[in-house]
Amino acid sequence: GYRYKKRLAEFEDELDCGRRKLVLLGGADSMVDPEVVDRQVGRWRASGTDVALHRFDGVGHVLAHRRRPKPYLSALAGEAAAEE
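Remember, it's a predicted structure, so these values are computed and weren't measured experimentally.

Thresholds applied
Residues numbered from 1 in each chain as written. Predicted model: local features only at pLDDT ≥ 70, side-chain atom pairs only at ≥ 80, totals over all residues. Heavy atoms only, no water. Helix = DSSP H or I, 4+ residues; strand = E, 2+ residues; numbered from the N terminus. Buried < 20%, exposed > 50% of the residue type's maximum accessible area, 1.4 Å probe, protein only. Contact = heavy atoms within 4.5 Å. Areas by Shrake-Rupley, 256 points an atom, 1.4 Å probe, with all protein chains shown as cover. Lys, Arg positive; Asp, Glu negative; His and termini not counted. Salt bridge = Lys/Arg side-chain N within 4 Å of Asp/Glu carboxyl O. Polar contact = N/O pair within 3.5 Å; in protein donor to acceptor, adjacent residues only side chain to side chain. Core = buried A, V, L, I, M, F, W, Y, C linked by side-chain atoms within 4.5 Å.

### Concerning the overall build of the protein chain
Looking only at helices and strands, the protein chain has four helices and two strands in total. Ordered by position from N to C terminus, the α and β elements of the protein chain give α-β-α-β-α-α. Considering the protein chain as a whole, with its 84 residues, one finds that 24% of them fall into the buried category. For the protein chain, long-range pairs separated by at least 24 residues make up 74% of all intrachain contacts whose partners lie at least 6 apart in sequence. Surface accessibility of the protein chain: about 5800 Å² in total, with carbon and sulfur atoms responsible for 53%.

Structure (structure tokens):
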């Protein structure tokens, strides 16, 4: 609905909001389109932003901390991104 479209527009329009980002994406997330995330990560990188993208296969929306706690905590600690 409207709220989703508004948040998506805010996400896609946000280019100048820091030079370092951490993106955590559930591979089975039904609320977030991975193509939108990939496109935005590409835009951030093209603008010079350092982006660490971590994908958690088989994990739904905001469940990585419960289903895959060790890789999740490693991502928060700044360890190498696991882009799959």
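### Description of the side chain of Asp29
Looking at the secondary structure, you find Asp29 in the loop between strand 1 (20-26) and helix 2 (34-46). Put simply, Asp29 is tucked away with no salt bridge, and the nearest opposite charge, on Arg55, sits 10 Å away. Among the polar contacts made by the side chain of Asp29, one reaches the main-chain amide nitrogen of Val32 at a distance of 3.1 Å. Once residues within four sequence positions are removed from consideration, Asp29 is found in contact with Val59, Gly60 and His61.

### Remarks on the environment of Gly27
On the secondary structure map, Gly27 appears in the loop between strand 1 and helix 2. With sequence-adjacent residues up to four places away left out, Gly27 is seen in contact with Phe56, Asp57, Gly58 and Val59.

### Points about the nonpolar core
Core analysis: the biggest nonpolar cluster contains seven residues, these being Val23, Leu25, Val37, Val41, Trp44, Val51 and Leu53. At the level of elements, strand 1, helix 2 and strand 2 (50-56) are the ones that each hand at least two residues to this core. Setting aside chain neighbours within four positions, we find Val51 in contact with Lys21, Val23, Val41, Trp44 and Arg45.

### Some thoughts on the pattern of salt bridges
Inspection of the entire model under this criterion finds two salt bridges. Its salt-bridge partner being Asp50, residue Arg20 comes within 3.5 Å of it at the nearest N-O pair. Of the two residues, Arg20 is situated in strand 1 and Asp50 in strand 2; the sequence distance between them amounts to 30 residues. Note on Asp50: relative accessible area 44%, which makes it partly exposed. Across the pair Arg55 and Asp38 runs a salt bridge, and its minimum N-O distance is 2.2 Å. Separated by 17 residues along the polypeptide, Arg55 in strand 2 and Asp38 in helix 2 bring together distant segments of the chain. A relative accessible area of 34% places Asp38 in the partly exposed class.

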